Amino acid sequence: DTEVTQTPKHLVMGMTNKKSLKCEQHMGHRAMYWYKQKAKKPPELMFVYSYEKLSINESVPSRFSPECPNSSLLNLHLHALQPEDSALYLCASSHRSVGGVNQPQHFGDGTRLSIL
Amino acid sequence: GIQVEQSPPDLILQEGANSTLRCNFSDSVNNLQWFHQNPWGQLINLFYIPSGTKQNGRLSATTVATERYSLLYISSSQTTDSGVYFCAVVAYTGANSKLTFGKGITLSVRP
């Protein structure tokens, strides 16, 4: 699913750093998602944006701050992360549900984050 | 919340063999997707199949929504099929689009 582009592909940061992950799609999708995946585990939902508004926050710590500046772009701002936050961060997008039927989600290749 | 169980957890095949991967879910769904995660971490969309049967080359999938299970068939397996296969669903009763993933099936295809 390379229609969702995530940058950077890899990121190493210290616990006091501030960095951002970026996700971009040009499929006209109005729902965008952040997932976190630890090694040998399935992806877990963090946030959902619908029409550029935050609709779901799965009780994610405030050191993760999402932002959706426009319909094509989704950011995840990182600050004061802990070593246990090291993981693969996946972005996804989809059309909004139609007639109550949820549409397929398309995933980017992820950002592999390491916290020193 | 909805539970998703995949079986078997691990599968080892000789190249050229066929296999069936199973996904059971505990509630009605209006989205079911099969993904393949390759060794580089890329999560590749295989099928969007909340009900019915679809085929794509050597892969096919069937979801029987009334009995709450889905099957992924891999025929004539190749070493590039190795990786983790995830089933993920959105509960019909959910007011959002939260995909809940199963734990995955790790497939190793040996030459």
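Thresholds applied
- Residues numbered from 1 in each chain as written.
- Chains lettered and ligands numbered in written order.
- Predicted model: local features only at pLDDT ≥ 70, side-chain atom pairs only at ≥ 80, totals over all residues.
- Heavy atoms only, no water.
- Helix = DSSP H or I, 4+ residues; strand = E, 2+ residues; numbered from the N terminus.
- Contact = heavy atoms within 4.5 Å.
- Lys, Arg positive; Asp, Glu negative; His and termini not counted.
- Charge placed at Lys NZ, Arg CZ, Asp CG, Glu CD.
- Buried < 20%, exposed > 50% of the residue type's maximum accessible area, 1.4 Å probe, protein only.
- Pairing = 2+ DSSP bridges.
- Buried area = accessible area lost by both parts, 1.4 Å probe.
- Salt bridge = Lys/Arg side-chain N within 4 Å of Asp/Glu carboxyl O.
- Polar contact = N/O pair within 3.5 Å; in protein donor to acceptor, adjacent residues only side chain to side chain.
- Nonpolar A, V, L, I, M, F, W, Y, C, P; charged D, E, K, R; others polar.
- Phe/Tyr/Trp six-rings, centres within 6.5 Å; stacked < 30°, edge-to-face > 60°.
- Lys NZ or Arg CZ within 6 Å of the ring centre and 35° of its normal.

J.: Which residues make up the overall build of chain A, and what are the values?
T.: Assigned secondary structure in chain A consists of 0 helices and 11 strands. When the backbone C-alpha atoms are referred to their principal axes, chain A occupies close to 45 × 25 × 25 Å. If you take every contact in chain A between residues at least 6 apart in sequence, the share linking residues at least 24 apart comes to 55%. Mean positive and mean negative side-chain charge positions of chain A (13 and 10 charges, respectively) differ by 5 Å.

J.: So what's going on with the pairing of strand E7 (residues 59-64) of chain B? Residues and values would help.
T.: Residue and element names in this part refer to chain B. Counting buried positions over the 6 residues of E7 gives 5, a clear majority of the element. Between strand E6 (residues 52-56) and the antiparallel strand that follows it, E7, lie 2 residues; Gly 57 among them carries a positive phi value of about 65 degrees. When E7 meets strand E8 (residues 69-74), the two strands line up antiparallel, connected through 6 bridges. Bridged to Leu 59 within E8 is Ile 74. Two successive antiparallel strands, E7 and E8, enclose a turn made up of 4 residues, where Arg 68 displays a positive phi of approximately 60 degrees.

J.: For the interface of chain B and chain A, give the residues involved together with the corresponding values.
T.: Across the contact, 21 residues belong to chain B and 23 residues belong to chain A. With both sides pooled, the region where chain B packs onto chain A buries about 1,800 Å², and carbon together with sulfur makes up 49% of that total. In this assembly, chain B and chain A are joined by 1 salt bridge. The shortest N-O distance in the salt bridge between A:Glu58 and B:Lys98 comes to 3.0 Å. Taken together, chain B and chain A are joined by 6 residue pairs in polar contact (both at pLDDT 80 or more). Secondary-structure elements contributing two or more residues to the side of chain B that touches chain A are strand E4 (29-37), strand E5 (43-48) and strand E9 (83-91) of chain B. The element contributing the most residues to the side of chain B that touches chain A is E4(B), with 5 residues. Residue classes in the side of chain B that touches chain A are distributed as 9 nonpolar, 10 polar and 2 charged.

J.: Summarise the packing of aromatic side chains; cite the residues concerned and give the values.
T.: Following the criterion strictly, the structure yields 8 aromatic pairs over all chains and no others. Taken together, A:Tyr33, A:Tyr35, A:Phe107, B:Phe35, B:Phe86 and B:Phe101 form an aromatic cluster joined through their ring pairs. Of note, B:Arg22 hangs over the ring of B:Tyr69, and the distance from its end group to the ring centre comes to 4.3 Å.

J.: Go over the pairing of strand E5 (residues 44-50) of chain A with me, naming the residues and quoting the values.
T.: Each regular strand carries side chains that alternate between the two faces of the sheet. Residues and elements named next belong to chain A. Across the 7 residues of E5, 6 count as buried, placing the element largely inside the fold. Here strand E4 (residues 31-37) pairs with E5 via 6 bridges, running antiparallel. Following the sheet pairing, Tyr 33 is matched in E5 by Val 48. Remark: 6 residues form the turn of the hairpin made by E4 and E5, two consecutive strands paired antiparallel; Lys 40 in that turn has positive phi of roughly 60 degrees. Alignment of E5 against strand E6 (residues 53-57), held across 4 bridges, turns out to be antiparallel. Looking at the pairing, Phe 47 lines up with Asn 57 of E6. Between E5 and E6, which pair antiparallel in sequence order, lie 2 residues; one of them, Tyr 51, sits at a positive phi of approximately 50 degrees.

J.: Could you give me a rundown of the pattern of salt bridges, with the residues and numbers involved?
T.: Residue and element names in this part refer to chain A. The final tally for this structure, using the stated rule, is 6 salt bridges over all chains. Among the ionic pairs, Asp 85 bridges to Arg 63, the shortest N-O distance being 2.7 Å. Taken as a pair, Asp 85 in the loop between strand E8 (73-79) and strand E9 (87-94) and Arg 63 in the loop between E6 and strand E7 (64-70) lie far apart in primary sequence, 22 residues in all. Take Arg 63: its relative accessible area is 23%, and that puts it in the partly exposed class. In this structure, a network of salt bridges that share partners links the residues Lys 36, Arg 63 and Asp 85.

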